[in-house]
Amino acid sequence: MNSARPLWIRAGLAASALLVGAATAPPARANDGYDLWLGPQGPTAAAAKVEVIGTSRTLAIAAEELRKGLPREATPVLLARAGEPALAPLKLATDQLGNEGYLVHSVTLSGQRLTIVTGNTDVAVLYGAFALLRHARAGGDTANLTLASTPRIPVRVLDHWDNLDGSVERGYAGQSLWDWWTLPDYKDPRYADYARANASIGINGVVLNNVNAKADSLSAAYIAKAAALADVFRPYGLRVYLSARFSAPMELGGLKTADPRNPAAAAWWQAKADEIYRAIPDFGGFLVKANSEGQPGPRDYGASHADGANMLAAALAPHGGVVMWRAFVYAETDPTDRASQAYAEFKPLDGKFSSNVIVQVKNGPIDFQPREPMHPLFGAMPATRLAAEFQVTKEYLGFATHLAYLGPLFAEALDTPTERRAGETMGSSLAAIAGVANVGRDRDWSGSTFNQANWYAFGRLAWDFTLDPRAIAREWTLQTFGLPPAATDKIVAMMMRSREAVVDYTGPFGLAHLFGSDHHYGPGPWIDDLKRPEWNPVYYHRADRNGIGFDRTARGSNTVAQYAPGLAARLARPETTPPELLLWFHHVPWTYPMPGGETLWQAMVRRYDHGVAEVDLLRREWASLKPQVDAERWTKTDAYLGIQQREARWWRDASLAYWMSINGLALPAGVRKPDHDLSWYKQQHFPFAPGGPR
Ligand code: BDP
C-alpha cells in the first residue's frame, strides 16, 4: 500500500514545501478573454498539492494545470497511468476506459484522502486532469468524487479553413492562428495555448488548412511547418491533419493526370504520405473536398469518389492514417434538388470505401443553415464509416457579432433518430466528428466571448453527444465568468434562447439559404441572378403569390424518400412534419393553417417579430449584468448585442418587405411596417464583409 502513497508523503516532504509559486494574488487586470474557460494562466496564489508517477511531458502538463488551477486547499491529487504498479492495490475500474477515457476517483490511503486521476494513456490522464478542473471550477465537490468518462466518437477534430496567406475562409476572428511565414522557426506560444484549450474539452485532431486547398500545403516547406505545429500539439493529444488538393500530383509532381486509377498518381501519393510521416510520425491523415464547388476530384476522370478516396487511403494505411472524404457535393449540371445530390452520389458507394476512409457528411443536406433536418446519409451507409461535420464558425448565424449559442443546434442534430436501426441516432452512427473552427488570431480567439462557448460546446458534445447543451452552457458560464447562481442562471437562459432567435429573424419554419451572395452577410431572399441556379435564394424558398416552400415530397423532388421509411412517411405530409421544418419539405399556401390556429403568413410575421424581441431581451438581460461582469468583456458583448439588435431588425424588415412584394398580403393589424422600401434593402452592398472565399 505504501507505494501507492503520494511521492511527497513517501519522501517525507512537508506539504508546504510543495507550495511553489508566489503567495501573493496576481495583479488585477482587465479580462480580455484570452484565458477562455480555463481561468487565468501564469503565477497564481494557488498551488494545490499534486504528485505524478511518470515523467512524460503530457503528465507534467496535467500536473501543472492542476497545481495552478485547483484551490490550494483541494484534496491532494495523484496522477498516474492505470498500469502503474503503485495503483494496483486500489483495484480501480479502468479496463473499460479505452485509450482516452479517464477516471478521477477519491480514495483514502493510509488515512489520507487523495484524488486519483488516471487512465490507460498519458493523454487520458490529461483529460482526467481537465475533467477534475472543470468539475472544481463549476463548483463541484472535490473531496468525494468519481468522474469517469470515455469518448463515444474516436476522432474529434477541428477543421481550420485557414489559407496559406493568413486569411480564413468564413473566419470572423481575425487572421489565421498559424503564422505560416515564420513557421517552422518561430513557434508562437499561442500554439500551445490553443492545444491546451482543445485538450481541455477532448478535441484530438486539427486539420490545419482550408478544404479549398492549395497543393503548396503538401510541399516540403509546408510539411516542415505543419511538423513544427505537430511537435507543439503532440503532448496535448492533438494530431495534425492536412486538407489535400486532389490534383496535387499534377501541380506539385508534374504528372499529366491525377486519375486515381493511374499508377503514377497513386505512387505520387504514396511517396508524399511517406514523406509526411517522416516529418510527422503521428500524422492523422487527409481531409479532401473533391468535385465540389470547382475543386478537382476523381469524377474529372470518370472515376468514383470511392476510387479517389481509396487511392489516398492506400497511401496512408501503412502509417495508420485516415482519409476524411467529404460528401459535400452538388453540381450545377444536375437539375435535381441540391439537397438530394450527396445521397444520390454516395449511397451507391456504401461498402466500397477502404476501412481507413471516413466519409464526412455535413449535419444537414444543404449547408450549415440556422436549422436543417438531418442529412439523409446518416444511418444510410451501414458499411461505411461516417463523420458528421458541423460549422462552429457562424457563417450563417451572424458572423462573430451575433450571440447564437450552438449547443442546441449540435445536440438537436446528434440526437436525431436515423430510424434505420433501432436506437440509432446521428451521433451514434459516427466514427468521427468535425467542427469548422471559429478560432483566429483575435485576442479572445473566437471573435467574441460567447463564441468561445461554441468551441467549448462542440468539444464537449464531440466527446459525449448525449450531454445536455444546457448543462454545457452552465459549466461554460461558471468557468468563464465565475458568477453567483442568479447571474449564472441568467446567462445560461440567454444562451439557450439565442439560436432560436436567429432562426426566427433569418428564416422561420425551415426556410434556408436566404443570405446575401458570397459573403452570406444579411438578407437576400430576392436574389435570382447568380449563375448557378442553386446559388440563388429564390431556388430555396420558391415563394410565389400563392405559397412558399420547397416541395421535397413525391410531387416535387421526392428527397423525403431518402430518409428511413417511417420518417419519410411523416415528412411526406405537412401535418406530420415538425412545423420548424415545414417549408424545408413542403410548398404550402400562405393561408396554410398552423398548429396555433394562425395562417402561415401570420405565424411567419409573428416569428420574425419574436426573433427581434428576443434580441432586445438579450441586450436588456446583459445590461442587468453590468455590475457583475468585468468591464472589458461586458462592453464588447454589449456593443455586439447592439449590432445584433440592428441586424435582427434589418433581417425582419427586409424579409417581410420582400414576402409582401410576392404574396401581396398586408401585415396583420398592429404589426410594425418595415423601416424602408424593398428597393432600399436590395441596394445594400457589402464589398468588404469578412470571411468570403478567395
Ligand atoms: C460553404 C462555404 C464555403 C465552403 C463550403 C464547403 O460557404 O466557403 O468552401 O461550404 O464546405 O458553407 O466546402
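Residues numbered from 1 in each chain as written. Predicted model: local features only at pLDDT ≥ 70, side-chain atom pairs only at ≥ 80, totals over all residues. Heavy atoms only, no water.

Enquirer: How should the site of the ligand be read in this particular structure?
Expert: Surveying the vicinity of the ligand reveals 14 residues, the closest of which are Glu169, Lys289, Arg326, Asp367 and Glu395. In this structure, an oxygen atom belonging to the ligand sits 2.6 Å away from a side-chain N or O atom of Arg326. In this structure, Lys362 approaches the ligand through a side-chain N or O atom, which is 2.7 Å from an oxygen atom. Relative to its free-state accessible area of 310 Å², the ligand is covered by the protein chains to the extent of 96%. With respect to the pocket detection grid, the ligand is positioned in the largest pocket. (Near = heavy atom within 4 Å. Polar contact = N/O pair within 3.5 Å; in protein donor to acceptor, adjacent residues only side chain to side chain. Areas by Shrake-Rupley, 256 points an atom, 1.4 Å probe, with all protein chains shown as cover. 1 Å grid on protein atoms, 1.4 Å probe; cavity = no way out; pocket = protein on both sides within 12 Å on 5 of 7 lines; lining within 4 Å. Sits in = over half its atoms within 2 Å of the grid points.)

Enquirer: Looking at this structure, I do not really get the sheet that holds strand S12 (residues 385–391). What am I missing?
Expert: Within a sheet, each strand pairs with its neighbour through backbone hydrogen bonds, oriented either parallel or antiparallel. Read around the closed barrel, the eight strands follow the order S6-S7-S8-S9-S10-S11-S12-S13; overall the barrel is parallel. Direction aside, neighbouring strands of the sheet carry axes that sit 25 degrees apart on average. Here strand S6 (residues 155–159) runs beside strand S13 (residues 430–436); their pairing, made up of five bridges, is parallel. Looking at S13, one finds that Val157 is bridged to Ala434. Where helix H10 (residues 407–414) meets the sheet, its contacts fall on S12 and S13, and the angle it forms with S12 comes to roughly 155 degrees. (Pairing = 2+ DSSP bridges. Helix = DSSP H or I, 4+ residues; strand = E, 2+ residues; numbered from the N terminus. Axes fitted to C-alpha atoms, helices over the stretch in contact; angles between N-to-C directions. Contact = heavy atoms within 4.5 Å.)

Enquirer: For this particular structure, what's the right way to read the packing of helix H5 (residues 220–233) against helix H7 (residues 263–279)?
Expert: In a pair of packed helices, the angle between the axes and the distance between the axes together describe the arrangement. With their axes 9 Å apart at the nearest point, H5 and H7 run at an angle of 35 degrees to one another. As for how H5 packs across H7, the hand of that crossing is right-handed. Listed contacts from H7 to Ala220, Ile223 and Ala227 of H5 are Lys272, Glu275, Ile276 and Ala279. For the contact of H5 with H7, a count of residues per class yields five nonpolar, no polar and two charged. (Left-handed = near helix turned anticlockwise from the far one by under 90°. Nonpolar A, V, L, I, M, F, W, Y, C, P; charged D, E, K, R; others polar.)

Enquirer: Please explain the packing of aromatic side chains as it appears in this structure.
Expert: Any aromatic ring pair is given by two values, namely how distant the centres are and how the planes are angled relative to each other. All chains considered together, the criterion is met by 42 aromatic pairs. A ring pair is formed by Phe246 and Trp325, whose centres lie 5.9 Å apart and whose planes are at 90 degrees; its orientation type is edge-to-face. With a gap of 79 residues between them, Phe246 in the loop between strand S8 (239–243) and helix H6 (248–251) and Trp325 in strand S10 (residues 322–326) connect regions that are remote in the sequence. We classify Trp325 as buried; its relative accessible area is 0%. Counting every residue linked through ring pairs, the aromatic cluster contains Tyr34, Trp37, Trp178, Tyr191, Tyr194, Phe233, Trp445, Trp455 and Tyr456. Here the basic side chain of Arg152 rests over the ring of Phe465, its NZ or CZ set 5.6 Å away from the ring centre. Sitting above the plane of the Phe328 ring, Lys362 keeps its charged end 3.2 Å from the centroid. (Phe/Tyr/Trp six-rings, centres within 6.5 Å; stacked < 30°, edge-to-face > 60°. Buried < 20%, exposed > 50% of the residue type's maximum accessible area, 1.4 Å probe, protein only. Lys NZ or Arg CZ within 6 Å of the ring centre and 35° of its normal.)

Enquirer: Explain the packing of helix H17 (residues 600–624) against helix H18 (residues 631–663) to me, please; I cannot follow it from the model alone.
Expert: At their nearest, the axes of H17 and H18 sit 9 Å apart, and the two run at 170 degrees to each other. It follows from the interaxial angle that H17 and H18 lie roughly antiparallel. Across the contact of H17 with H18, the residue classes tally to 15 nonpolar, six polar and seven charged. (Parallel < 35°, antiparallel > 145°, perpendicular 65-115°, else oblique.)

Enquirer: How should I be thinking about the nonpolar core in this particular structure?
Expert: In a soluble, globular protein the nonpolar side chains are often hidden away together inside. Among the nonpolar cores identified, the biggest contains 211 residues, and Leu79, Trp178, Tyr194, Phe233, Trp455 and Trp659 are the most heavily contacted of them. With 11 residues, the top contributor of residues to this core is H18. Setting aside residues up to four positions removed in sequence, Tyr194 forms contacts with Leu158, His160, Leu177, Trp178, Val206, Phe233, Leu238, Val439, Trp445 and Trp455. In terms of nonpolar packing, the next biggest core, distinct from the first, is built from 13 residues, Leu78, Leu92, Leu97 and Leu103 among them. (Core = buried A, V, L, I, M, F, W, Y, C linked by side-chain atoms within 4.5 Å.)

Enquirer: What is the right way to read the side chain of Asn210 from this model?
Expert: Mapped onto the elements, Asn210 comes out in the loop between strand S7 (205–207) and H5. You can call Asn210 buried: its relative accessible area is 2%. Not counting the four nearest positions on each side in its chain, Asn210 is found in contact with His160, Trp161, Asp162, Asn163, Glu169 and Ser243.

Enquirer: When you look at the pattern of salt bridges in this model, what are you seeing that I'm missing?
Expert: Tallied over the full model, the rule gives 39 salt bridges. Note that Arg474 and Asp489 form a salt bridge whose closest N and O atoms lie 2.5 Å from each other. With Arg474 in helix H12 (residues 469–481) and Asp489 in helix H13 (residues 485–506), this residue pair connects regions lying 15 residues apart in the sequence. With relative accessibility at 37%, the residue Asp489 sits in the partly exposed group. (Salt bridge = Lys/Arg side-chain N within 4 Å of Asp/Glu carboxyl O.)

Enquirer: Would you take a moment to explain H18 for this structure?
Expert: Because the α-helix completes a turn every 3.6 residues, residues three or four places apart line up on one side. With 33 residues, H18 should cover 48 Å at 1.5 Å per step; its first-to-last C-alpha distance of 47 Å lies within 8% of that length. Of the residues one or two after H18, Gly664 is the one with positive phi, at around 65 degrees. (Expected span 1.5 Å × (residues − 1).)

Enquirer: Is there a simple way to explain the environment of Asp444 in this structure?
Expert: Within the secondary structure, Asp444 is located in the loop between S13 and helix H11 (449–463). Given the relative accessible area of 3%, Asp444 is considered buried. Distance from Asp444 to Arg633, taken between C-alpha atoms, is 9.6 Å for residues 189 residues apart in sequence. Sequence-distant contacts of Asp444, that is, excluding residues within four places in its chain, are made with Asp32, Gly33, Thr449, Gln452 and Lys636. Engagement of the side chain of Asp444 in a polar contact is seen with the backbone nitrogen of Gly447, the distance being 3.0 Å.

Enquirer: Explain unusual backbone geometry here, please?
Expert: Backbone phi values are negative for most residues with the exception of glycine, while trans is the configuration of most peptide bonds. For the peptide bond that leads from Leu183 to Pro184, omega is 0 degrees, which places it in the cis range. With respect to the helices and strands, the residue Pro184 is situated in the loop between S6 and helix H4 (189–201). The phi angle at Phe368 is positive, at roughly 55 degrees, despite the residue not being glycine. Relative to the helices and strands, Phe368 resides in the loop between strand S11 (357–362) and S12.

Enquirer: Looking at this model, I keep getting lost on the sheet that holds strand S2 (residues 77–81). Mind explaining?
Expert: Judged by pairing direction, the sheet is mixed, and its five strands sit side by side in the order S1-S2-S4-S3-S5 without closing on themselves. Each having just a single partner strand, strand S1 (50–52) and strand S5 (146–149) make up the two edges of the open sheet. Adjacent strand axes in the sheet meet at a mean angle of 25 degrees, parallel and antiparallel pairs treated alike. Inspection of the sheet shows S1 paired to S2 by three bridges, in the parallel sense. Bridging from a neighbouring strand, Val52 pairs with Leu79 of S2. Most of the contacts of helix H2 (residues 57–69) go to S1, to which it runs at about 175 degrees, and overall it touches S1 and S2.

Enquirer: Please clarify how the environment of Asp300 should be interpreted in this entry.
Expert: Mapped onto the elements, Asp300 comes out in the loop between strand S9 (285–288) and helix H8 (305–316). On the accessibility criterion, Asp300 (47% relative accessible area) is partly exposed. Spatially, the C-alpha atom of Asp300 lies 21 Å from that of Val361, the residues being 61 residues apart in sequence. Polar contacts involving the side chain of Asp300 include one to the main-chain amide nitrogen of Gly297, which spans 3.0 Å.

Treat this as a map of the structure, not an account of what it does.
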